[in-house]
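Structural overview
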Amino acid sequence: MEGSTNSIPERRQNNEKHIKEKHFKKLVATLNIYDRLHHLPSELSGGQQQRVSIARALINRPQIVFADEPTGNLDRANADEVLELLIKTKEELGQTLLIVTHDMKIAERADRILVMDNGDLTPYRK
C-alpha cells in the first residue's frame, strides 16, 4: 500500500489493542469503577472490591464465569448490586454464568437452579 508505513502485523496488533481497550472501557463502565481505578484495595468499600474482582474475572472474556458465593461477604444492598452487575455483564458479553450460593434469593434469579444434597445434583422445584 502506498503511503502506509505500518506492516500487516503492526496493523493487526494495533486493532487488537483497540478491541481490548474498548472491552476494558465497557467493563469499567458497566461495573461503575472508573473513578476507583487508581485506588488501593484498602481505599475501596466491600462492594467496590467485589466489583473490581468481577472486572478481573471478566477482563479476558471467558465464555463461562464461575462465581463461588460472589455476594457472601456483602450486605443485602451491595449483594443485590453485585448480582445485578453479574447478570448485566453476562447479558452484554454473552457469557454463561454459573453461581454457587446458599442464598435462594440469588439462586432464584438464575435461568436454571440445581440443588446439591449429599453430593447429588437435582433440579430445584419450587
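Residues numbered from 1 in each chain as written. Predicted model: local features only at pLDDT ≥ 70, side-chain atom pairs only at ≥ 80, totals over all residues. Heavy atoms only, no water.

Among the nonpolar cores identified, the biggest contains 13 residues, and Leu-27, Leu-31, Ile-33, Ile-54, Ala-55, Leu-58 and Val-82 are the most heavily contacted of them. Elements with a contribution of two residues or more to this core: α1 (8-30), α2 (46-58) and α3 (76-93). Of all the elements, α3 adds the most residues to this core, at four residues. Beyond its immediate sequence surroundings of up to four residues, Leu-31 is in contact with Arg-51, Ile-54, Ala-55, Leu-85 and Thr-89. (Core = buried A, V, L, I, M, F, W, Y, C linked by side-chain atoms within 4.5 Å. Buried < 20%, exposed > 50% of the residue type's maximum accessible area, 1.4 Å probe, protein only. Helix = DSSP H or I, 4+ residues; strand = E, 2+ residues; numbered from the N terminus. Contact = heavy atoms within 4.5 Å.)

Let us now look at the side chain of Thr-71. As for its placement among the helices and strands, Thr-71 is situated in the loop between β1 (64-68) and α3. Other than its neighbours up to four places away in sequence, Thr-71 contacts Gln-50, Ala-79, Val-82, Leu-83 and Ile-106.

Its place among the elements puts Leu-58 in helix α2. When its relative accessible area of 1% is taken as the criterion, Leu-58 is described as buried. Considered as a pair, Leu-58 and Asn-32 are 26 residues apart in the sequence and their alpha carbons are 14 Å apart. Once residues within four sequence positions are removed from consideration, Leu-58 is found in contact with His-23, Leu-27, Val-65, Thr-89 and Gln-95.

Next up on the list: α2. In this model, α2 (13 residues) spans 18 Å end to end at C-alpha, consistent with the 18 Å of a helix rising 1.5 Å per residue. Listed in full, the buried residues belonging to α2 are Gly-47, Gln-48, Arg-51, Ile-54, Ala-55 and Leu-58. The buried side chains of α2 occupy one side of the element, clustering within an arc of 115 degrees when seen end-on. (Expected span 1.5 Å × (residues − 1). Arc of directions from axis to C-beta.)

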